Each structure stands twice: as structure tokens, then as C-alpha cells.
Amino acid sequence: MSATMPGVFDAAAMWPWRRGAWLLALLGWLRLCRPSLDSFHTKKEHTVSVDSQTFNQRFDQYGQWRAEFSSELREFSDWLESKGLRNNATMERLARLQSQAANDKITVAFVAEYSRGKSEMINALFFSSYGRRIMPASAGRTTMCPTELTWDDAHPPGVRLLPIETRKLSASLADWKLKPSSWLNVPFDPHSGDSVAQALEKVTETTQVDQEEARRLGFWSDENEEDNPPVNASGILEVPKWRHALINFPHPLLKKGMVILDTPGLNAIGAEPELTVSLLPQAQAVLFILGAETGVTRSDRQIWQEHLARHVDSVGLRLVVLNKIDVLWDELTSKQEQEEQIKRQRQSVAETLGVPTSHVLAVSAQKALVAKINKDDKLLRDSAIRRLEWVLVDTLLGQRHLILNRALMRGLTEIRAEARQLLHVRLRDLTEQIQELTSLQGKNSSARRSIRMRIARERKEFDSSVNKILGLRAAQNKLLNQAFNQLSAKTIKGELNTLAGELQGKMLTLGFQKRFMETFSNLREVLESSQEIANQMQRVLVDSYNSLNTEFGFALQPPEEVDLRQFALDLEKIAEGNKHHFSITNVLKLSSTEFSERLVSAISMRLRSVFEAASNELELWNKASTAQLDVQLKERRHSFINRSETAERIEQADLDLTERLQELQDDTAALKEVALQLHDRAERLELSLHSITRSMDLGSSATAAASA
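Keep in mind that what you see is a predicted model, and the values were worked out from it rather than measured.

## Remarks on the side chain of Ser-530
Thinking step 1. Topologically, Ser-530 is positioned in helix α19 (residues 512-552).
Thinking step 2. Filtering out sequence-adjacent residues up to four positions away, Ser-530 remains in contact with Ala-483, Gln-486, Leu-487 and Leu-564.

Below, the structure written as C-alpha cells:
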């Protein structure tokens, strides 16, 4: 892991936005945030300032902003439609932006060995408002299986549990999620803390198996016997009853997009490839929980080295949290001595794990929960939970917002440019019509007939462009299908089937990891080939658009190249983050057909998501690049119809020339007003994007100061 990870407490370094129009954004922030803050507290004496907001409150504010911005995008889309400025490509782009804003997910994963206080940490950070424990956190082992807390309104509140016996089959967790009948459903009343807590107790259940069954389930290792569960006199041992738990809970944070992942114990993590291949690397924040009294144990180090530190494809924050610092509180030692002891422990852990000391925090989750429930400010300060909340606010929400903000701003800029281009085409046509009719003033019928005949010739020439456009589309579709075929799931399946086939029935060698990397090298070549096809499509469009502009008077803008290199980088990260699975040290696990098939399936899922994203990027680029051609074809046809009808009626003295010129001038003025409205509406949307940045920037500065 890198020795530096900027941005944990350095708010100034994280937020480069200050170069913008700060006054305008501040006004927008006040407009946006006042209702949000007022919604938390209605009485003046209970008003929450930005610097005292908890992670829950800031996340709620972030979720409210996303919902409001999604609504604003919907209004903008309707307005574009009402003005005839929304084509199919624009509509699809707007739908994607709305989905990004409304459905953005933030996953916070808690990773630790048993009995490190993960469940209590979750209770203290997120569920103290219930006035009791929600996640089971009794002494000894608590959460026995990986547990996801989320909200999906398509399902009723409850706990879904996958039996541990499914580990003996090769199907992945994603496959099992598509088979609801295989899960045990335990409903609960989300308005009753007792009902929720009682249902969640199911995740603590165990079952008794013999040693051979434990080996098949992945809970017994002949190589590391010290990690095995205790065996009684009858040769029976206890293992988790459930393989995975899905908790569907309409908690405000979960409804706004948070997903909480609780992954207990080395065996649970190591036996589920999807956890280490997909869920943990893609989590926006991973909190690695240690015991303050023990520091880094051998199994802690193994979890860190095998499943966290090596993941170069991780996308978010990684923090180490020393929990249970209250065991170090001693009436015989001073407060300063206790703080020095905790400081030394943090430094030791940081050195052992190879992370900056600033990434190691020390808290007492149990005391924090008690303090929040009893409203004990002193105990809450002593628990140090606020420091952890500040870091989550400053980094997790800050980084996630910046990513979303950039994506939304980029999409909004492109939509605005497309609408402006369409308005430009319409204004050009109106201007040409005005010039054409102005030239007829004072002219005789022969001159007017000449204008009508010229319009007819231009229209005939324009109609001849259709064949050229049809040829262009055929060539583009052929190239696009070639790229789609290369990026299809069939390509991935073929490569990984070969890899999986070599796993079966063969003794692993040091060269097998090389074969794994060759698989990814082949897939990178597929992406490079798809990039070349995309470049060829772009060159064809540029040449064709220049020709159409010159020969037929179009105003087509040459599209920029689509860049698929980002997906090649994703492949590189996945390969580097998972090649250890195919090393000689993992030979015992890979000798299990069920495990090796689940591993290949998990990697296949990650690869499919990368290739699907590349296909979607290429498809959206193609639609956006060719949409302007469809729009301008439609506009030119409409213009020719209007010009022809106007010229014919003027020639027949059925239309007053002066009146028609006035109509066209009125249409021009109206169109310029629409252009101003487009500018104002787009500016308001951009202001809304900046306002949440400013809001979080103020909070970051305040929390950084408080931390210092």
C-alpha cells in the first residue's frame, strides 16, 4: 500500500473548486442547505451547525441533494422536450444522468476477525437513534456470515439468509441472488427496534458438522490447523449456519443509497471469492477493525495482506480502526498517559501494516453507542467516534461527490452543447428565409417564380444526400457490430473457460500465474482492437460530415474520439489485484473444484462489468455523434417545406410578403429567447452542482479544524 494517501484530513488539498464563482455558489448553497438543516431540527436552540454534523446528517444532506438534482434534471428534460430540443440521444443521456444522481450507491465495508467489535461499530455509527443495539453485538462471536444491509423497495423489509450448504456448489453469490426460493426469509417490522434486532439475531446462528463436512464448506484447513474451530470429543465442530445474509431495511441512510457490508472472520472472507474479487475492492470505504488491546494479530495480518493491502483495484478509502480503547482506560493512569499509550499503539499498527499513522484511528464503539443513547457528551468525546465520522465525511463523501459531480457536469455540458447547436441550426434557417424573402421585396412575379424554382432545385439536391447518409449509417453499423461482438460476454467466457479448464485436474505450478496474466493480456488486446474500430468510426464520421457540410449545407460538428483506454486500466487493476489467487500458495483452495469455479465466476463478473461499460460508452458515443445528423435532416426537411409553401403562396399573391417577414422575425426573436432560457436553466443546474461542493467544502474545513 502506498505510504501516502492524501486527503484524509487535508480539506484544502481535496477541494480545488475555489477557483469558481464563489459568491454565486454560496448563495446557491444557502438555498439548498437551509431546508435540509431545518428538516433535522425545528427549534432554534437545537439547530445543528455544519461543523457539528455527524456522518449520518451529512449523508442525509448529500442524499437530499441528489434527489433534488435528479428532480431538476427531470424538469430540464421536460423543458427541452417542450421546446423541441430533446432528441433520442439527449433523452438517453438525461436518463443516465438522472439515474446517476438518484441511485448513486456508497458501500461501507467493515472487515475484521471475530470479536473485534464490527457490529458494535455499525450500531454506533449508524443506528444509535433506535436507542438500542440493532446489529447483534454480544460477547464472543456475533455476526457469523457476510451481511449486506441495503434497501430495495421491490422487496419487503426483512432478512434473507442463504444456507451454508450452498458453498458445496459452484454457483456464485450473484447466481444465488437470482434464486429467491433458495433463501430463508425472515420478515421484521422496521418501526420496531425489537422486531429488527430479533430478526437480525439469525445472522449469529451456527450449525454442527463433522470435520470432513467443515473441510468441504471451507472451515477446516489441514495447512493452517491453528485457524480451525475447536472440535469436541465427538469430533463435531460449530460453523456458521448461513453463507450470506441480505438485510432489506428502510433506514433513512440505506434509502438514500448507503450499503453496509459486514464481513466476519478470515474463513468467511477467504472462502467467498466474490468478497475479495468484487465487493471489497469496489467498496467506497473499507474499515479494517482491530482490537486496541491486541493490536495486529497473526490472523489480522493475514486478512490485511491477503484481502485488503494487495487490492490495487480498490476504488475508495481504506482505514484501520483500533476499537475498544476503553480497555486501556485505567484510573491509575492519567489521561495524558492513556493518550500516549494509544498514540504508540497507532504508530505500531501503522508500521506493521505499512500505512500512514493518519489512517489509523482509535475509538471505543461501545462507549460511543452508550454515549449517543444517553446523550453523554463527555463519554462521546472520550470514545473518539467523532474523529472517525469526520474522516468519513471529509474523504468518503467528498471523494464520492467529486466523482459524481464530474460525471454530471460532463453530461450536462454535452447536453447543453447539443441543444445550442440545434438552436443555431434553426436560427440559421430562419435568417436564410428572412434574407430570401427580403430579396423579393419590390420584385415582379418572374423573380418570385425564380426563387421557388431555386428552392425546388436545392431540395432535390438535398434529397440526393439521403443515399450518402444511408451509406454512412450502414458503414457505421457494421463497424459498431464488430466492436460489440468483440466486447461481448462470449469473448470473456471463451478466455475464462480456457483458464478454468487448465485448473481442473492439474497440479498448479509457478507458471500458472503467468497463464492467468496472459488471459488478461488477451483481453487487453480485445479492448485495443475495439479502440481501433472506434477510431475508424470517428475518422469515417469526420470525413462524411465535412463532405455533407460542403456539398449540402449541413452544420455538422465532427465528434471527438471515444476513449476506451480507461477500461484497459480497469483490466490491469483487476489482474494485479487477483493474481495472488493463482499462486502456488493457494494450491489447496484451488484444488477444490467448487472454489475454483466460484473464483473464475467472480472474476468473470468483474470482467463482464468492464466490457459492458466499454460497450455502453461506445454505444452512447455513437448515438450522440450521429444524433445531430438525424436532427439536422429533420430540420432541413422542415425548412424546405416552409420555404416552398411560402414562395408558392407569395407567387400566387395568397400571402403578404411583409406579414410573412414579420412572422419570421417574431420566430427569430422567440428562438433567441429560448436560447437565453437554455443558458439560464443550464446555469442553474451547474450552480446546483457547485452548491453541494461548496456545502461539503465548508464542512470539510470545519471538521479538519476540529480534528486538529
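Back to the write-up after that little detour.
## Describing the packing of α19 against helix α20 (residues 565-578)
Thinking step 1. Their axes nearest at 10 Å, the elements α19 and α20 cross at an angle of 175°. Considering their axes alone, α19 and α20 lie roughly antiparallel with respect to each other. In this structure, α19 uses Phe-516, Met-517, Phe-520, Leu-523, Arg-524, Leu-527 and Gln-531 to contact α20, whose residues at the interface are Arg-565, Phe-567, Ala-568, Leu-571, Glu-572, Ile-574, Ala-575, Glu-576 and Asn-578.
Thinking step 2. Taken together, the residues of the contact of α19 with α20 break down into ten nonpolar, two polar and four charged.

## A closer look at the pairing of strand β1 (residues 106-112)
Thinking step 1. Judged by how many residues are buried, β1 sits mostly within the fold: seven of seven residues are covered.
Thinking step 2. Where burial is concerned, the two faces of β1 agree: the one with Ile-106, Val-108, Phe-110 and Ala-112 and the one with Thr-107, Ala-109 and Val-111 are both buried.
Thinking step 3. Of the strand pairs in this sheet, β1 and strand β8 (residues 258-264) are connected by seven bridges, and their pairing is parallel. When the sheet's bridge partners are listed, Val-108 is paired in β8 with Ile-260.
Thinking step 4. Both β1 and strand β9 (residues 285-291) contribute to a ladder of four bridges, which runs parallel.

## Points about the sheet that holds strand β7 (residues 242-248)
Thinking step 1. Here nine strands make up an open sheet; going across it, the order is β4-β3-β7-β2-β8-β1-β9-β10-β11 and the pairing mixed. Of all strands in the sheet, those with a lone pairing partner are β4 (184-187) and β11 (360-362), marking the two edges. Strand after strand, the sheet turns through a mean of 20° between neighbouring axes, direction not considered.
Thinking step 2. Summarising the sheet, β9 and strand β10 (residues 317-323) pair through seven bridges and their orientation is parallel. Bridge pairing links Leu-287 to Leu-319 in β10.
Thinking step 3. Seen against the sheet, helix α12 (residues 298-308) touches β1, β9 and β10 and runs at an angle of roughly 165° to β9.

## Details of the confidence of the model for the chain
Close inspection of predicted coordinates is inappropriate for parts of the model with low pLDDT.
Thinking step 1. Of all residues in the chain, 85% attain a pLDDT of 70 or more, and the chain-wide mean is 81.
Thinking step 2. Counting contacts from residues 1-52, a segment whose pLDDT is below 50, to residues more than four positions away or on other chains yields 89 contacts.
Thinking step 3. Low pLDDT (under 50) marks residues 698-708, which in the prediction has 21 contacts with non-local residues, meaning those over four places away or in another chain.

## Focus on helix α18 (residues 489-503)
Thinking step 1. For α18, built from 15 residues, the straight-helix expectation of 21 Å at 1.5 Å per residue is met to within 8% by its first-to-last C-alpha distance of 21 Å.
Thinking step 2. Listed as buried for α18 are Ile-492, Glu-495, Leu-496, Leu-499, Ala-500 and Leu-503. Buried residues of α18, viewed axially, fall in a sector of 135°; they line one side. Among the exposed residues of α18, those pointing more than 90 degrees away from its buried face are Lys-490 and Lys-493.

## Considering the packing of aromatic side chains
Thinking step 1. Counting across every chain of the model gives twelve aromatic pairs.
Thinking step 2. With centroids separated by 6.4 Å and ring planes inclined at 10°, the aromatic side chains of Phe-76 and Trp-79 adopt a geometry described as stacked. Linking Phe-76 with Trp-79, this pair stays in helix α3 (residues 55-82), spanning three residues, or about one helical turn. For the pair shown, Phe-76 and Trp-79 are each scored as buried.
Thinking step 3. A connected cluster of aromatic rings, assembled from ring pairs, spans Phe-110, Phe-126, Phe-127, Tyr-130, Phe-188 and Phe-249.
Thinking step 4. The side chain of Arg-636 reaches across the aromatic face of Phe-554, ending 5.5 Å from its centre.

## As for the side chain of Ser-465
Thinking step 1. Along the chain, Ser-465 turns up in helix α17 (residues 445-486).
Thinking step 2. Excluding anything up to four places from it in sequence, Ser-465 contacts Leu-548, Phe-552 and Phe-554.

## What to know about the pattern of salt bridges
Thinking step 1. Within the structure shown, the criterion is met by 37 salt bridges.
Thinking step 2. When the shortest N-O distance is used, the salt bridge between Asp-262 and Lys-118 registers 3.8 Å. Separated by 144 residues along the polypeptide, Asp-262 in strand β8 and Lys-118 in helix α5 (residues 118-126) bring together distant segments of the chain.
Thinking step 3. For the salt bridge of Glu-120 with Arg-133, the shortest nitrogen-to-oxygen distance reads 2.7 Å. Placement of the pair is Glu-120 in helix α5 and Arg-133 in the loop between α5 and β2 (147-150), with a sequence separation of 13 residues.

## Thoughts on the nonpolar core
Thinking step 1. Phe-110, Met-121, Phe-126, Leu-287 and Leu-388 are the most contacted members of the largest nonpolar core, which has 141 residues in total.
Thinking step 2. Per-element tally for this core: the top contributor is helix α16 (residues 385-438), with 18 residues.
Thinking step 3. Residues within four places of Leu-287 in sequence aside, it is in contact with Val-108, Ala-109, Phe-110, Val-111, Leu-125, Leu-319, Val-321, Leu-388 and Leu-392.
Thinking step 4. Ranked by size, the runner-up nonpolar core spans 26 residues in total, among them Leu-261, Val-296, Ile-303 and Val-349.

## Concerning the pairing of β8
Thinking step 1. Most of β8 is tucked away: seven of the seven residues are buried.
Thinking step 2. With burial as the criterion, each face of β8 is covered, one bearing Met-258, Ile-260, Asp-262 and Pro-264 and the other bearing Val-259, Leu-261 and Thr-263.
Thinking step 3. In this structure, β2 lies alongside β8, joined through three bridges in antiparallel fashion. What sits directly across from Thr-147, in β8, is Asp-262.

## Structural notes on α20
Thinking step 1. The terminal C-alpha atoms of α20, which comprises 14 residues, lie 20 Å apart, in line with the 20 Å expected from a rise of 1.5 Å per residue.
Thinking step 2. All of the buried residues in α20 are Phe-567, Leu-571, Ile-574, Ala-575, Gly-577 and Asn-578.

## Some thoughts on the environment of Trp-390
Thinking step 1. Among the secondary structure elements, Trp-390 is positioned in helix α16.
Thinking step 2. C-alpha of Trp-390 to C-alpha of Phe-55: the two residues are 335 residues apart in sequence and 7.0 Å apart in space.

## Thoughts on the packing of α5 against helix α14 (residues 365-374)
Thinking step 1. Put simply, α5 and α14 touch, their axes get as near as 8 Å, and they point 30° apart. Once α5 is placed against α14, the crossing between them reads as left-handed. Every residue of α14 that contacts α5 at Glu-120, Met-121, Asn-123, Ala-124 and Leu-125 is listed here: Ala-365, Gln-366, Ala-368, Leu-369 and Lys-372.
Thinking step 2. Taken together, the residues of the contact of α5 with α14 sort by class into six nonpolar, two polar and two charged.

## Let's talk about the environment of Asp-429
Thinking step 1. Along the chain, Asp-429 turns up in helix α16.
Thinking step 2. Each C-alpha atom of the pair Asp-429 and Glu-635 lies 8.6 Å from the other, and the pair is 206 residues apart in sequence.

## Some words on unusual backbone geometry
Thinking step 1. Non-glycine residue Ser-115 carries a positive phi angle of around 65°.
Thinking step 2. Along the polypeptide, Ser-115 turns up in the loop between β1 and α5.
Thinking step 3. A relative accessible area of 33% places Ser-115 in the partly exposed class.
Thinking step 4. Although it is not a glycine, Lys-375 adopts a positive phi angle of roughly 55°.
Thinking step 5. In this fold, Lys-375 is placed in the loop between α14 and α15 (377-383).
Thinking step 6. According to the relative accessible area criterion, Lys-375 is exposed, its value standing at 70%.

Basis of the calculations
Numbers given to residues run from 1 along each chain, matching the order in which its sequence is written. Per-residue local features of the predicted model are confined to residues with pLDDT of at least 70, and side-chain atom pairs are confined, for both listing and counting, to 80 or more; whole-chain, interface and lining totals are unaffected and use all residues. Hydrogen atoms and water are omitted, and side-chain values are computed over all heavy atoms in the structure. Think of it this way: any DSSP run of H or I at least four residues long counts as a helix, any run of E at least two long counts as a strand, and we number them from the N terminus. Residue contacts are counted whenever heavy atoms from the two residues lie within 4.5 Å of one another. Only C-alpha atoms enter the line fits that serve as axes; for helices the fit covers just the stretch in contact. Angles between N-to-C directions range over 0 to 180 degrees. Should an angle fall under 35 degrees it is taken as roughly parallel, and over 145 as roughly antiparallel, whereas 65 to 115 is taken as roughly perpendicular and any remaining angle as oblique. Lys, Arg, Asp and Glu make up the charged group, whereas Ala, Val, Leu, Ile, Met, Phe, Trp, Tyr, Cys and Pro make up the nonpolar group; the residues left over, Gly among them, are polar. Each residue is assigned to one of three classes by its accessible area relative to the maximum for its type, calculated with a 1.4 Å probe on protein chains only: buried under 20%, partly exposed between the two thresholds, exposed over 50%. Here a strand pair is declared whenever DSSP counts at least two bridges between the two strands. One number per residue, pLDDT, summarises how confident the predictor is, and it ranges from 0 to 100. Residue count minus one, scaled by 1.5 Å, sets the expected span of a helix. In this description, the arc belongs to the directions extending from the helix axis to the C-beta atoms. We call Phe, Tyr and Trp rings a pair once their centres come within 6.5 Å, taking the six-membered ring for Trp, and we label the pair stacked below 30 degrees between planes, edge-to-face above 60, and tilted otherwise. Should the NZ of a Lys or the CZ of an Arg lie within 6 Å of a ring centre and within 35 degrees of the ring normal, that charge is described as sitting over the ring. A pair is scored as a salt bridge if a Lys or Arg side-chain nitrogen falls within 4 Å of a carboxyl oxygen belonging to Asp or Glu. To form a nonpolar core, buried Ala, Val, Leu, Ile, Met, Phe, Trp, Tyr and Cys residues must be joined to one another through side-chain atoms within 4.5 Å. If you view the pair so one helix is near and one far, a crossing is left-handed when the near helix is turned anticlockwise from the far one by less than a right angle, and right-handed when it is turned clockwise.

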